[in-house]
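Architecture at a glance
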Amino acid sequence: MSATGSIAWLAAHEFRLAWRDWRGVITAGGRRSFARSLTVLALIALALHIPAWAIVARFGEDGVTPDIPALASVTIIVILYFSLLLSQAMESVTRALYSRGDLELVMSSPVPPRRLFSVRIAANAGLVSVMALVLSAPFIDALTLAGGPRWLVGFGISIAFGILAAALAVAITIGLFRLLGPRRTRLAAQVVAAVIGAAFAIGIQVVAIVNYGDFMQGGFVMVPGILGILPGEDSVVWWPARAIFGDVGAMTGVLAVAVLAMATVTTTLAPRLGEHSIAATDLGAPRQGRRRTRRFVIHSPRWAMRRKEWLLLRRDPWLVSQTLTQILYLIPPALLLSHNFGNTTGSMVVVVMVLVTVGGQLAGALGWLAISGEDAPDLVATAPLPPGGVVRAKVEAVMGALAMTLGPLVLIFALFTPYHALFAVVGIAIAGSSTLQIQLWFRAQARRSHFRRRHTSSRIATFAEALTSFSWAAAAGLAAAGTWIAAISAVIALLIMAGARSLSPRKAAA
Amino acid sequence: MNQATEPALALRGLTKVFDRPAVDDLDLTIRAGEFYALLGPNGAGKTTTLRMVVGLLPPDAGSVSVFGIDALTDPVAAKRLTAWVSDEPMIYDKLTPLEYLEFVAGLWGIDPAAAEPAARGLMDWLGLLPHANERCEGFSRGMRQKVALAGALVHDPRLIILDEPLTGLDAGTARQVKDVLQARVRAGNTVIMTTHILEVAERMAERIGVLSKGRLIAEGTLAELSLRAGGGGSLEDVFLTLVGESAAA
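This text gives an overview of the structure that appears in the document.

1. Examining the overall build of chain A
Across its full length, chain A holds 20 helices and 0 strands. Expressed as a percentage of the 510 residues in chain A, the buried residues total 41%. Restricting the contact set of chain A to residue pairs at least 6 apart, pairs at least 24 apart contribute 82%.

2. A closer look at helix 10 (residues 301–314) of chain A
In this model, helix 10 of chain A (14 residues) spans 20 Å end to end at C-alpha, consistent with the 20 Å of a helix rising 1.5 Å per residue. When we look at burial in helix 10 of chain A, the residues that qualify are A:Pro301, A:Arg302, A:Ala304, A:Met305, A:Arg306, A:Lys308, A:Glu309, A:Leu312 and A:Leu313.

3. A word on the sheet that holds strand 10 (residues 215–220) of chain B
All names here are of chain B. With mixed pairing, 6 strands are arranged side by side in an open sheet as 6-7-8-3-9-10. Only two strands of the sheet have a single partner each, and these edge strands are strand 6 (82–85) and strand 10. The average undirected angle you get between the axes of adjacent strands in this sheet is 15°. Here 4 bridges tie strand 6 to strand 7 (residues 159–163), and the two strands are oriented parallel to one another. Paired with Trp84 across the strands is Ile161, a residue of strand 7.

4. Focus: the interface of chain A and chain B
At the interface, 33 residues of chain A touch 38 residues of chain B. For the side of chain A that touches chain B, the secondary-structure elements that each account for two or more residues are helix 10 and helix 14 (377–381) of chain A. For the side of chain A that touches chain B, the leading source of residues is helix 10 of chain A, giving 6 residues. Taken together, the residues of the side of chain A that touches chain B break down into 19 nonpolar, 5 polar and 9 charged.

5. Digging into the packing of helix 16 (residues 418–441) of chain A against helix 18 (residues 459–480) of chain A
Each pair of packed helices gets described by two things: the angle between the helix axes and the distance between those axes. Residues and elements named next belong to chain A. Across the interface, helix 16 lies against helix 18 with an axial gap of 9 Å and an inter-helix angle of 160°. Relative to helix 18, helix 16 is oriented roughly antiparallel. Every pair of crossing elements has a handedness; the one defined by helix 16 and helix 18 is right-handed. Between helix 16 and helix 18, the contacting residues are His420, Phe423, Ala424, Val426, Gly427, Ile430, Ala431, Ser434, Thr435 and Ile438 on the first element and Ala461, Ala464, Glu465, Thr468, Ser469, Trp472, Ala473, Ala476, Ala479 and Ala480 on the second.

6. Quick look at the nonpolar core
Residue and element names in this part refer to chain A. Counting 144 residues, the largest nonpolar core has Val352 and Ala476 as the members making the most contacts within it. If one sorts the elements of this core by residue count, helix 13 (residues 344–372) sits on top with 18 residues. Residues within four places of Ala476 in sequence aside, it is in contact with Val352, Met353, Val356, Phe423, Ala424, Val426 and Gly427. Among the nonpolar cores identified, the runner-up in size contains 66 residues, and Leu143, Phe161, Leu176 and Ile244 belong to it.

7. Here's the deal with the pairing of strand 10 of chain B
All names here are of chain B. When strand 9 (residues 207–212) meets strand 10, the two strands line up antiparallel, connected through 5 bridges. Considered in strand 10, the bridge of Gly209 is made with Glu219. With antiparallel pairing between neighbouring strands as the criterion, strand 9 and strand 10 make up a hairpin whose turn holds 2 residues, including Lys213 at a positive phi of roughly 50°.

8. Here's the deal with the sheet that holds strand 1 (residues 9–17) of chain B
Residue and element names in this part refer to chain B. In space, the 4 strands of this open sheet follow the order 2-1-4-5, with antiparallel pairing throughout. Edge strands, defined here as strands with exactly one partner in the open sheet, are strand 2 (21–30) and strand 5 (69–70). Bridge analysis of strand 4 (residues 61–66) against strand 5 gives 2 bridges, and the strand direction is antiparallel. Paired with Val66 across the bridge in strand 5 is Ile69. Helix 1 (residues 46–53) contacts strand 1, strand 2 and strand 4 of the sheet and is inclined by roughly 115° relative to strand 1.

9. Structural notes on the packing of helix 2 (residues 34–62) of chain A against helix 5 (residues 113–147) of chain A
All names here are of chain A. Across the interface, helix 2 lies against helix 5 with an axial gap of 7 Å and an inter-helix angle of 45°. The orientation of helix 2 with respect to helix 5, classified from their angle, is oblique. Between helix 2 and helix 5 lies a crossing whose hand is right-handed. Where helix 2 approaches helix 5, its residues Leu48, His49, Ala52, Trp53, Val56, Ala57, Phe59, Gly60 and Glu61 are matched on the opposing element by Pro138, Phe139, Asp141, Ala142, Leu143, Ala146 and Gly147. Tallied by class, the residues present in the contact of helix 2 with helix 5 amount to 11 nonpolar, 3 polar and 2 charged.

10. Some remarks on the environment of A:Gln437
Within the secondary structure layout, A:Gln437 lies in helix 16. Between the C-alpha atom of A:Gln437 and that of A:Met497, which follows or precedes it by 60 residues, the distance is 8.7 Å.

11. Describing the pairing of strand 3 (residues 35–39) of chain B
All names here are of chain B. Among the 5 residues of strand 3, 5 are classified as buried, and the element is accordingly described as predominantly covered. The two faces of strand 3 match: Phe35, Ala37 and Leu39 on one face and Tyr36 and Leu38 on the other face are all buried. Bridging between strand 3 and strand 8 (residues 190–194) involves 4 bridges; their strand directions are parallel. Opposite Ala37, over in strand 8, you have Met193 as the bridge partner. For strand 3 and strand 9, the ladder comprises 4 bridges, and the chain directions are parallel. Paired with Tyr36 across the two strands is Arg207, which belongs to strand 9.

12. Looking at the environment of B:Leu72
All names here are of chain B. The residue Leu72 is located in the loop between strand 5 and helix 2 (75–80) in this model. Residue Leu72 is classed as partly exposed on the basis of its 15 C-beta neighbours within 10 Å. Considered as a pair, Leu72 and Val53 are 19 residues apart in the sequence and their alpha carbons are 8.8 Å apart. Residues contacting Leu72, with those up to four places away along its chain left out, are Ser63 and Val64.

13. Thoughts on the environment of A:Gly359
Residue and element names in this part refer to chain A. Within the fold, Gly359 resides in helix 13. A residue is classified by how many C-beta atoms lie within 10 Å of it, and Gly359, with 31 of them, is buried. Along the sequence, Gly359 and Val425 sit 66 residues apart, while their C-alpha atoms lie 9.3 Å from each other. Every residue in contact with Gly359, bar those within four places of it in the chain, is listed here: Leu402, Leu406, Ile428, Ala431 and Gly432.

Conventions and cut-offs
Residues numbered from 1 in each chain as written. Chains lettered and ligands numbered in written order. Predicted model: local features only at pLDDT ≥ 70, side-chain atom pairs only at ≥ 80, totals over all residues. Helix = DSSP H or I, 4+ residues; strand = E, 2+ residues; numbered from the N terminus. Buried ≥ 20, exposed ≤ 12 C-beta atoms within 10 Å, placed from the backbone. Contact = placed C-beta atoms within 7 Å. Expected span 1.5 Å × (residues − 1). Pairing = 2+ DSSP bridges. Axes fitted to C-alpha atoms, helices over the stretch in contact; angles between N-to-C directions. Nonpolar A, V, L, I, M, F, W, Y, C, P; charged D, E, K, R; others polar. Parallel < 35°, antiparallel > 145°, perpendicular 65-115°, else oblique. Left-handed = near helix turned anticlockwise from the far one by under 90°. Core = buried A, V, L, I, M, F, W, Y, C linked by C-beta atoms within 7 Å.

Okay, structure coming up:
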């Protein structure tokens, strides 16, 4: 048994907490059997090998010549994959910094903070590395099955990326802390993490749009002029890509860089993490705001309710990051629009569909905050508003916020094509109303700060929201394209709504 | 109907059953301008009763009348006269106290010309004015409770109902809250308060009601309750005697 307070002892403590956390997540807090949950996870992991095989097996079978176009193409994927890991690592570091948890206990104990935070940084690196392995394993397995054991080197590079992402996340977060201070860092880190995470999904779409032909031909790098400025095949820039192609030397090099980065961060920044954690969790001292000169403005109770909702939505860090992320998702269709300029019908339809999807999803998120995430439910319930008045005001607030967010984008779209913009407006209104209705059926009292966990409170509502948005988006896009198949998509959306209603707690209670 | 002569609150046969009766055929009358303390052991039905009065919980049976207004058939009219402060201060972290009070005044449809001076006056009285422009997210429990109390009072309610308002407050903050409530009673408003701090009930309340197992087992001034419990002793002695008798019955 290791001595109490030693690195091994602290690591065992962290591992036990992480294990119980993970076990709690997969068993939904102990409501499901652990064995059954593991079986489901294993089946999902196996199922993920099927698309992975379809995507990469041919590269394993045929082999890939690691020339500049191939190395560049893989490097782009590596950057996107790394951005996802970095996003998760930043999320984890921010959570560790700002959650009070056991911090006061351990900081008041005789264990040196440097030791404690070194272990926490290492634990975070372990967590991100596991995530990196989980994400890459289906592809590496498929490549190994198709092309032999040299592809197993991919596991080493995944671990290296995990360690590097964790080290970089600590450095970025502490940099933000010094630059912006504890209050702003929380918001900035959350927004940066969300945007970096979105960059992964967006980047993949961009790659898919630009690379119409064979991926390894490198659609990007074949753009005239770019090939000439890329470094030679022996450059260290290509080490990660070479490692993925099975080069053990390159993998060892990347792993060494990652371990060195982690050692540097741990040595130099672990003590700072302790100080910053204390500063971050000691935000109790109120800050002096700007002196308000505006007089009270009061019109009607419903007006007051709408105004309050808008004020809170504007000041919600998670919503800001979610909205930014949703808007970033518009980049790929915009790219498609410019890429396909001239062949307008198809690309305009895609823009309609993306706008409607974003509208539906955003209305769902806003709706949860306004309807379920009411922090003063007693106050609102005891206010002299007629029955339904509160809900009406909240729905108006959400639809208003949706209009304010997406309105400018739709207006720009209308400058190009008013006809398609009209379908986008109608689609957004219907998809937004539908997801809001789902929120009303599934509303459950919660704190606004639980926004991130809203998906776990009702998976049925989450799926219904997403499927309804997609179905209305398809209906709007197809209608804009002038095909009657739009009606089928609309019927599917209505059926999903009917299904959600029949499964909602309110219907069950009735 | 003359609201001036009507009791502030009249409950008749009020009943709520969860797994067992939480409030059991309760009759209670509280006069206008009275400071009334509702006592009882944990699970006696105090909070359930008050939540039914303010419209947060529908009763299974019985009636609730606020200044002669049937609160079950015309809840909006009853709510206009009532304020509710729960034991857990529920305010918006991202609003400043001033913005919170503006919102509450808006919900009750108060004229801004009257609401703003009232809000600033309350904040001054409760020592919140230096924090008027800070968001509530960094506030201590005591400060949050004071903001919630200011919100309850900004629309000048005739009936103020508080559930354990002094829980977790330091001595200074508790004193401020008590002073504000006593001033409201002096101004002719009615205060109904539940508390586990018997000394507060003893010193502040004109009449005290004791609930046990959802029923009103005793009611009156401290002297009347002492007599009922066999005479003498502090409110704590009286309370324990009454609750003990009820449990044995």
